[in-house]
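Summary of the model geometry
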Amino acid sequence: MNIGWVLPVVWVALGVVIVTSSLRSRRSRFAYNLGVGAVSALWVVAGAGANTFFLLRGDDYSGFADGASTSFVHETWESLVVPHHGLFIGLLIAFEALAGIFVVFEGQARQSALLLLIAFNVLLLSFGWGFLVWTVPMVAALTLLWRVGLTSRTEHLVAARSTTAASRERRAAAEATG
């Protein structure tokens, strides 16, 4: 089965949704949730799912680091990862799947997953400058989603504290009159 053209189309489509949603996420909860959902789909389906398919198909990932700007990255990839691609790509699949799943859960899990995905995308640059086309908009979008999540989490905590303080005040007033 040849999925050669499908995967780039899915990556670009989900990438466009993530970037567009992130730009609107501060003003729209729907856009924020859509962006987070697209992040999850990108890493679970187009990341972990695609790499699982390639691994099961027998791909050894030789040549992936050919565009690296340093010989260290290229030589290490070919001498370490390719001969043990089952282990290393298996770890990559686990990371992508877990990050894509954790990003769905609000709070610390989402915030941590977004930070890890930002770091992951920055590290892609070690495989070649061609990844700039993907990394720059994706890191910007993931950072925007992270910041909105951080802000909404902070607002939620402030609201919870003020609700708790108001409850305490009502309780104290009721005890004083009662």
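In case you missed it, the structure is sitting above this.
Note that the structure is a prediction, hence the values are computed from the model and not measured.

Focus: the overall build of the chain
Regarding its fold elements, the chain presents six helices and zero strands. Counted from the first residue to the last, the chain has its helices and strands arranged as α-α-α-α-α-α. Sorting the 178 residues of the chain into buried and exposed places 31% on the buried side. Across the chain, every contact between residues at least 6 apart in sequence was considered, and the portion connecting residues at least 24 apart equals 66%. Within the structure as shown, the chain displays about 10500 Å² of accessible surface, and the carbon and sulfur contribution to it stands at 69%.

Concerning the pattern of salt bridges
Two side chains that carry opposite charge are able to pair once their charged atoms sit near each other. Scanning all chains against the criterion turns up two salt bridges. The partner of arginine 29 in a salt bridge is glutamate 106, with the nearest N and O atoms 2.9 Å apart. On the criterion of sequence distance, the pair formed by arginine 29 in helix α2 (residues 29-57) and glutamate 106 in the loop between α4 (85-102) and α5 (108-123) is long-range, its members being 77 residues apart. A relative accessible area of 39% places arginine 29 in the partly exposed class.

Regarding the packing of aromatic side chains
Per the stated rule, a full pass over the model turns up six aromatic pairs. For the ring pair phenylalanine 64 and phenylalanine 131, a centre distance of 6.0 Å and an interplane angle of 50 degrees mean the geometry is tilted. With phenylalanine 64 in the loop between α2 and α3 (71-81) and phenylalanine 131 in the loop between α5 and α6 (132-177), this residue pair connects regions lying 67 residues apart in the sequence. Looking at phenylalanine 64, the relative accessible area reads 36%, which means it is partly exposed. Taken together, the aromatic side chains of Phe64, Trp77, Phe127 and Phe131 make up a single cluster linked through ring pairs.

Focus on the side chain of glutamate 96
Considering the arrangement of structural elements, one finds glutamate 96 in helix α4. No salt bridge is formed by the buried glutamate 96; the nearest opposite charge belongs to arginine 57, separated by 14 Å. Side-chain polar atoms of glutamate 96 contact the backbone nitrogen of alanine 48, separated by 3.1 Å. Of note is the side chain of glutamate 96, whose polar atom sits 3.0 Å from the side chain of asparagine 51. For glutamate 96, the residues in contact, after removing those within four places along its chain, are Trp43, Val44, Gly47, Ala48, Asn51 and Phe120.

Details of the packing of α2 against α5
α5 packs onto α2 with a crossing angle of 55 degrees between their chain directions and a minimal axis gap of 12 Å. With respect to each other, α2 and α5 are oriented oblique. Between α2 and α5 lies a crossing of left-handed hand. In contact with Tyr32, Val36, Val39 and Trp43 of α2, α5 contributes Arg110, Gln111, Leu114, Leu117, Phe120 and Asn121. Here the contact of α2 with α5 is built from residues that sort into seven nonpolar, two polar and one charged.

Re the environment of isoleucine 3
Along the chain, isoleucine 3 falls in the segment before α1 (6-24). Counting along the chain gives 51 residues from isoleucine 3 to phenylalanine 54, while the straight-line C-alpha distance between them is 9.8 Å. Each residue touching isoleucine 3, except ones within four places of it in the same chain, is listed here: Phe53 and Phe54.

What about the layout of surface pockets?
Of the pockets and cavities examined, the largest pocket occupies roughly 950 Å³. Lining the largest pocket are 31 residues, and of these Phe64, Leu92, Phe120, Leu124 and Phe127 sit closest to its centre. For the lining of the largest pocket, the secondary-structure elements that each account for two or more residues are α1, α2, α3, α4 and α5. Here the lining of the largest pocket is composed, by residue class, of 25 nonpolar, five polar and one charged. Its boundaries defined by the atoms lining it, the second largest pocket holds a volume of some 230 Å³. Considering the residues around the second largest pocket, the lining is formed by twelve residues, among which Ser25, Arg26, Arg147, Val148 and Thr151 are closest to the centre. Looking at the lining of the second largest pocket, the elements with two or more residues in it are α2 and α6. In terms of residues, the lining of the second largest pocket owes the most to one element, α6, which gives six residues. Tallied by class, the residues present in the lining of the second largest pocket amount to three nonpolar, four polar and five charged.

Conventions used here
Residues numbered from 1 in each chain as written. Predicted model: local features only at pLDDT ≥ 70, side-chain atom pairs only at ≥ 80, totals over all residues. Heavy atoms only, no water. Helix = DSSP H or I, 4+ residues; strand = E, 2+ residues; numbered from the N terminus. Buried < 20%, exposed > 50% of the residue type's maximum accessible area, 1.4 Å probe, protein only. Contact = heavy atoms within 4.5 Å. Areas by Shrake-Rupley, 256 points an atom, 1.4 Å probe, with all protein chains shown as cover. Salt bridge = Lys/Arg side-chain N within 4 Å of Asp/Glu carboxyl O. Phe/Tyr/Trp six-rings, centres within 6.5 Å; stacked < 30°, edge-to-face > 60°. Lys, Arg positive; Asp, Glu negative; His and termini not counted. Polar contact = N/O pair within 3.5 Å; in protein donor to acceptor, adjacent residues only side chain to side chain. Axes fitted to C-alpha atoms, helices over the stretch in contact; angles between N-to-C directions. Parallel < 35°, antiparallel > 145°, perpendicular 65-115°, else oblique. Left-handed = near helix turned anticlockwise from the far one by under 90°. Nonpolar A, V, L, I, M, F, W, Y, C, P; charged D, E, K, R; others polar. 1 Å grid on protein atoms, 1.4 Å probe; cavity = no way out; pocket = protein on both sides within 12 Å on 5 of 7 lines; lining within 4 Å. Points joined across faces, edges and corners; volume = space filled by probe spheres on them.

Just distances and angles here, no functional claims.
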